[in-house]
Amino acid sequence: MSHFEGDVQSPGSARYAILASRWNPRITDTLLDGARKAFVENGVPAGNVDVIRVPGAWELPMAAAQATDRGGYVAIVALGCVVRGDTRHFEQVADECARGLMRVALDSGVPVVNGVLAVDDYAHAEARAGGNHGNKGEEAALVAIEMANLFGKFE
């Protein structure tokens, strides 16, 4: 019986993309910094990581689809922050963003890591963007490396 498991050793000259929303920049910029740091600290040359900025979380799935079609990336990290408000807009954006990112991953076969925070308030976002819950951007980058490593073992 075979056993396959990835680790955080990036395959050779693998290229990654970080898609980051500009909405809620205090949070998303911190997530982006964490993701960049994680890639570099795990042996991925900075030149092998492209950063693509989009207006908001709603635009992340479309950007992910373009990146998988044209970029030659082994994995993509999507970062954003959607904060609950007084309307249903929060649910629509957060749910459809997650659904869209998963669809891109399944349709393309390229891991698309969902690092989009869907939180009740800014305190929750800050806790997940370098606060007492760590940096979810960093965690998403580690997942991207591990999935690329795992998929490389299937070849």
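For the structure itself, look to the data block above.
First, a word on scope: everything that follows refers to the structure included in this document. (Residues numbered from 1 in each chain as written. Predicted model: local features only at pLDDT ≥ 70, side-chain atom pairs only at ≥ 80, totals over all residues. Heavy atoms only, no water.)

According to the stated counting rule, one finds 3 aromatic pairs in the structure shown. Note on F4 and F154: the rings are 5.2 Å apart at their centroids and 70° apart in plane angle, and the pair reads as edge-to-face. You can see F4 sitting in the segment before β1 (16-21) and its partner F154 sitting in the segment after α5 (136-153), a full 150 residues away along the chain. A relative accessible area of 45% means that F4 is categorised as partly exposed. Note on F154: relative accessible area 48%, which makes it partly exposed. Plain terms: the ring middles of Y16 and F39 are 4.8 Å apart, the flat faces sit at 40° to each other, and that makes the pair tilted. Within this pair, whereas Y16 is found in strand β1, its partner F39 is found in helix α1 (residues 25-41), the two being separated by 23 residues in sequence. We note that Y16, like F39, is buried. Counting every residue linked through ring pairs, the aromatic cluster contains F4, F151 and F154. (Phe/Tyr/Trp six-rings, centres within 6.5 Å; stacked < 30°, edge-to-face > 60°. Helix = DSSP H or I, 4+ residues; strand = E, 2+ residues; numbered from the N terminus. Buried < 20%, exposed > 50% of the residue type's maximum accessible area, 1.4 Å probe, protein only.)

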